[in-house]
Amino acid sequence: QVQLVESGGGLVQAGGSLRLSCTASGRTFSSYPMGWFRQAPGKEREFVAAISWSGGSTYYADSVKGRFTISRDNAKKTVYLQMNSLKSEDTAVYYCAAAGTAVIGTTPYNYDYWGQGTQVTVSS
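Notes on the structure follow. This is a predicted model, so every value here is computed, not measured. (Residues numbered from 1 in each chain as written. Predicted model: local features only at pLDDT ≥ 70, side-chain atom pairs only at ≥ 80, totals over all residues. Heavy atoms only, no water.)

**Quick notes on the overall build of the chain**
Next up, step 1: Per the secondary structure count, the chain includes zero helices and eleven strands.
Next up, step 2: Its C-alpha radius of gyration of 13 Å places the chain within 12% of the 14 Å reference for a compact globule of 124 residues.
Next up, step 3: Projected onto its principal axes, the C-alpha coordinates of the chain cover approximately 40 × 30 × 25 Å.
Next up, step 4: A fraction of 59% describes how many contacts in the chain between residues 6 or more apart in sequence connect residues 24 or more apart. (Helix = DSSP H or I, 4+ residues; strand = E, 2+ residues; numbered from the N terminus. Rg over C-alpha atoms; globule rule 2.2 N^0.38 Å. Contact = heavy atoms within 4.5 Å.)

**Quick notes on the sheet that holds strand β7 (residues 68-73)**
Next up, step 1: The strand order across the open sheet formed by four strands is β1-β3-β8-β7, and the pairing between neighbours is antiparallel. Lying at the two open borders of the sheet, with one neighbouring strand each, are β1 (3-7) and β7. The mean inter-strand angle of the sheet, taken between neighbouring strand axes irrespective of direction, is 15°.
Next up, step 2: Bridge count for β7 against strand β8 (residues 78-83) is six bridges, and the pairing is antiparallel. (Pairing = 2+ DSSP bridges. Axes fitted to C-alpha atoms, helices over the stretch in contact; angles between N-to-C directions.)

**Quick notes on the state of the cysteines**
Next up, step 1: For the coordinates displayed, the defined rule picks out one disulfide.
Next up, step 2: The disulfide partner of C22 is C96, and the gap between their sulfur atoms is 2.0 Å. Taking the sign of the S-S torsion, about -75° here, the bridge from C22 to C96 comes out left-handed. With a gap of 74 residues between them, C22 in strand β3 (residues 18-25) and C96 in strand β9 (residues 92-99) connect regions that are remote in the sequence. Assigned by exposure class, C22 and C96 land together as buried. (Disulfide = S-S within 2.5 Å. Buried < 20%, exposed > 50% of the residue type's maximum accessible area, 1.4 Å probe, protein only.)

**Brief notes about the pattern of salt bridges**
Next up, step 1: All told, the structure shown has four salt bridges when counted by the stated rule.
Next up, step 2: Taking the shortest distance from any N to any O, the salt bridge between D62 and K65 comes out at 3.2 Å.
Next up, step 3: A salt bridge links R67 to D90; the shortest N-O distance between them is 2.8 Å. In this pair, R67 sits in the loop between β6 (58-60) and β7 while D90 sits in the loop between β8 and β9, placing the two residues 23 residues apart along the sequence. For the pair shown, R67 and D90 are each scored as buried.
Next up, step 4: Look at the salt bridges and you will find they share partners, linking R38, E46, R67 and D90 into a network. (Salt bridge = Lys/Arg side-chain N within 4 Å of Asp/Glu carboxyl O.)

**What about the packing of aromatic side chains?**
Next up, step 1: Per the stated rule, a full pass over the model turns up four aromatic pairs.
Next up, step 2: Ring geometry for Y111 and W114: centres 6.4 Å apart, planes at 65°, overall edge-to-face.
Next up, step 3: By way of ring pairs, the aromatic residues F37, F47, Y111 and W114 are connected into one cluster.
Next up, step 4: Over the aromatic face of Y95 sits the side chain of R45, whose NZ or CZ is 3.8 Å from the ring centroid.
Next up, step 5: When the ring centre of W114 is taken as reference, the NZ or CZ atom of R45 above it lies at 4.8 Å. (Phe/Tyr/Trp six-rings, centres within 6.5 Å; stacked < 30°, edge-to-face > 60°. Lys NZ or Arg CZ within 6 Å of the ring centre and 35° of its normal.)

Here it is as structure tokens:
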């Protein structure tokens, strides 16, 4: 089993920045890809970013490319999402996810473990 705990959400003005953290426990963190997803009210959960087990490969949704950066520290069992130039449309609950295999995916079906989510609200 894997437990994921997100932190770092909050209220920020448009154009501002936030850094989300997700700390894992319960299994070998460094062996599997990690991802961030988000879900706004009334919308489906959507892919934001993913990172390979080594951190050498990263993937982003087009809507956040150039503004968000995903990274990981395997020694700390933590994955981060640095969010810059935030827009009102980035408002959502952000979820950290851990893959159950070595395959990096961009859909929720590629991930077996989920955190409880952290709210990000961007005011315009």
